[in-house]
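# Coordinates in review
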Amino acid sequence: MKILSGTSNLKLSKEISKKLKLKLVNTNIKRFSDGEIYVEINENIRGNSIFVIQSTSNPANDNLMELLLCIDALRRSSAKNITAVIPYYGYARQDRKVVPRTSISAKVVANLITNAGASRVVTVDLHAGQIQGFFDMPVDNLFTTPLFARYIKKKLKNKKLICVSPDVGGVQRTRGLATKIKADLAIIDKRRPKPGQSKVMNIIGNVRGKTCIIVDDIIDSGGTIVNAVEALKKNGAIDVYVFITHAVLSGDAVNKIKKSKIKKLIITDTIDNSVKIKNNNKIEVLSISSLMAEAIKRISNSTSVSDLFN
Ligand code: R5P
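What you see is a predicted model, and the numbers here were worked out from it, not measured in a lab.

## Remarks on the overall build of the chain
Secondary structure assignment for the chain yields eight helices and 14 strands. Taking the principal axes of the C-alpha coordinates as reference, the chain spans close to 60 × 45 × 40 Å. Out of the 310 residues in the chain, the part that is buried amounts to 52%. In the chain, of all internal contacts separated by at least 6 residues, the share reaching a separation of at least 24 is 62%. About 15,100 Å² of surface is accessible on the chain, with carbon and sulfur atoms providing 48% of the total. Charged side chains of the chain number 50 positive and 26 negative; the gap between the two group centres comes to 6 Å.

## Re the environment of V171
Mapped onto the secondary structure, V171 falls in helix α5 (residues 171–181). Judged by its relative accessible area of 11%, V171 falls in the buried class. Measuring from C-alpha to C-alpha, the distance between V171 and P138 comes to 25 Å, with 33 residues separating the pair along the chain. For V171, the contacting residues outside a window of four places in its chain are S165, L185 and I187.

## With respect to the domain arrangement of the chain
Parsing the chain into structural domains produces domain 1 (2–142 + 290–309) and domain 2 (145–287). Relative to domain 2, the C-alpha centre of domain 1 lies at a distance of 27 Å. On the side of domain 2, 15 residues touch domain 1, which itself brings 15 residues to the contact. Broken down residue by residue, the surface that domain 1 buries against domain 2 is led by Y88, R93 and D125, which jointly contribute 38%. For D220, the salt bridge goes to R93, with nearest N and O atoms at 3.0 Å. In this assembly, domain 1 and domain 2 are joined by nine residue pairs in polar contact (both at pLDDT 80 or more). Broken down by element, the side of domain 1 that touches domain 2 gets its largest block of residues, three residues, from helix α1 (residues 10–19). Its residues assigned to classes, the side of domain 1 that touches domain 2 comprises six nonpolar, five polar and four charged.

## Topic: the site of the ligand
In the neighbourhood of the ligand, 14 residues make up the surrounding shell, with D216, D217, D220, S221 and T224 lying closest. Here an oxygen atom of the ligand and a side-chain polar atom of D217 are 2.6 Å apart. Summarising the interface, the protein chains cover 89% of the accessible area of the ligand, which totals 380 Å² for the free molecule. Among the secondary structure elements, those contributing two or more residues to the shell around the ligand are β11 (211–219) and α6 (223–234).

## Brief notes about the sheet that holds strand β10 (residues 199–204)
Across the sheet, which stays open at both edges, the seven strands sit in the order β10-β9-β8-β11-β12-β13-β14 with mixed pairing between neighbours. In the strand order of this sheet, the two ends are held by β10 and β14 (283–286), each with one partner. Shown here is a sheet whose adjacent strand axes are inclined to one another by a mean of 25°, direction ignored. Relative to β10, strand β9 (residues 184–191) runs antiparallel, the two being bridged by five bridges. Counterpart to R191 in the pairing with β10 is K199. Set on the sheet, α5 makes contact with β8 (161–165), β9 and β11; between it and β8 the angle comes to about 165°.

Definitions and cut-offs
As a convention, each chain's residues are numbered from 1 in the sequence order in which they are written. Given that this is a predicted model, residues contribute local features only at a pLDDT of at least 70 and side-chain atom pairs are listed and counted only at 80 or more, while totals for whole chains, interfaces and linings are drawn from all residues. Water and hydrogen atoms were dropped before computing side-chain values, which therefore reflect all heavy atoms in the structure. Numbering of helices and strands runs from the N terminus, with a helix taken as a DSSP run of H or I at least four residues long and a strand as a DSSP run of E at least two residues long. Each residue is assigned to one of three classes by its accessible area relative to the maximum for its type, calculated with a 1.4 Å probe on protein chains only: buried under 20%, partly exposed between the two thresholds, exposed over 50%. Working rule for contacts: check all heavy atoms of both residues, and any pair within 4.5 Å makes them a contact. Exposure was quantified through the Shrake-Rupley algorithm and a 1.4 Å probe, taking into account, for residues, occlusion by the shown protein chains and nothing else. In this tally Asp and Glu are treated as negative and Lys and Arg as positive; neither His nor the chain ends contributes. To locate a charge, the coordinates of NZ of Lys, CZ of Arg, CG of Asp or CD of Glu are taken. Segmentation into domains, and thus their bounds, comes from an automatic or database assignment. Here the quantity called buried area is the accessible surface, traced with a 1.4 Å probe, that two parts lose on coming together, added over both. Note on definitions: salt bridges are taken to be side-chain nitrogens of Lys or Arg within 4 Å of carboxyl oxygens of Asp or Glu. For the purposes of these results, a polar contact is taken to be a pair of N or O atoms within 3.5 Å, where, inside protein, one atom must be able to donate a hydrogen and its partner to accept one; residues adjacent in sequence count only when each atom of the pair is a side-chain atom. We call Asp, Glu, Lys and Arg charged. Ala, Val, Leu, Ile, Met, Phe, Trp, Tyr, Cys and Pro are nonpolar, and the rest, Gly among them, are polar. In these notes, residues near a molecule or strand are those with any non-hydrogen atom within 4 Å of it. Strands pair, by our definition, only if DSSP identifies at least two bridges between them. In this analysis, axes come from line fits to C-alpha atoms, helices being fitted only over the stretch in contact, and the angle between any two N-to-C directions falls in the range 0 to 180 degrees.

Pasting the structure below:
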């Protein structure tokens, strides 16, 4: 087994490889002056099982192309099998036709990864579980719920907690966490008048006098979360902690969070935000490197991955 890293989140790849006591495959990934990507593998990988780690985060198109070229280079170098490890699977939010005559980008990306030569995918908190069916190969979707639950049990014990889903689509994920930490559940009825804009209509559940735990897969512009926090506070919540797997943090999201009434934003490192959130004491990062390393080890040894979450 060998680990190869793309350039989107080298920090995470290094942590995973350290935990697995493996060196990253020696590669040369560079950009030509016109922006085209060049991938070269500098060691023999014939007959090896290779795990390629690459988040398709911003710049999504470049990082996706880099992943495809890494997979292609591995296939042409006679790797035995290739697992695409995609901590953050970009384009996942376009997983169906919401209005007529639109593309289903999550499926297009799945086709590209398949055709490049991957034989398995490992990812974290897919925006919608059914994206697994866009692939005709095994997809291991890892969950951050145990990681978040551990943090909450350690740092927020003795508080009257309620888990809040920021929209109807996130109820299953939020219920999972609420069950694990034995807390109540509330749901926000969110509407999107336009892409990129969100509005809180109602809060289903009683948050008065409670510490709220919002859990979501993605924070992008920050609009969903900032509006949700505002509404929860107006409805009598004491504090609001926010747990997000994929911190896309586009535009002035970091600034919005700073100015908001969020008590703390807890994110993971599926996307490397070390520069964006430097010296920001409102945002804390939990690493998923141990979870990913353990999943890779189990896949390689053909033992159960789902046992990690039981
Ligand atoms: C939507 O369904 C996702 O789970 C997130 O709630 C959404 O992507 C967050 O976007 P933003 O931060 O731009 O409101």
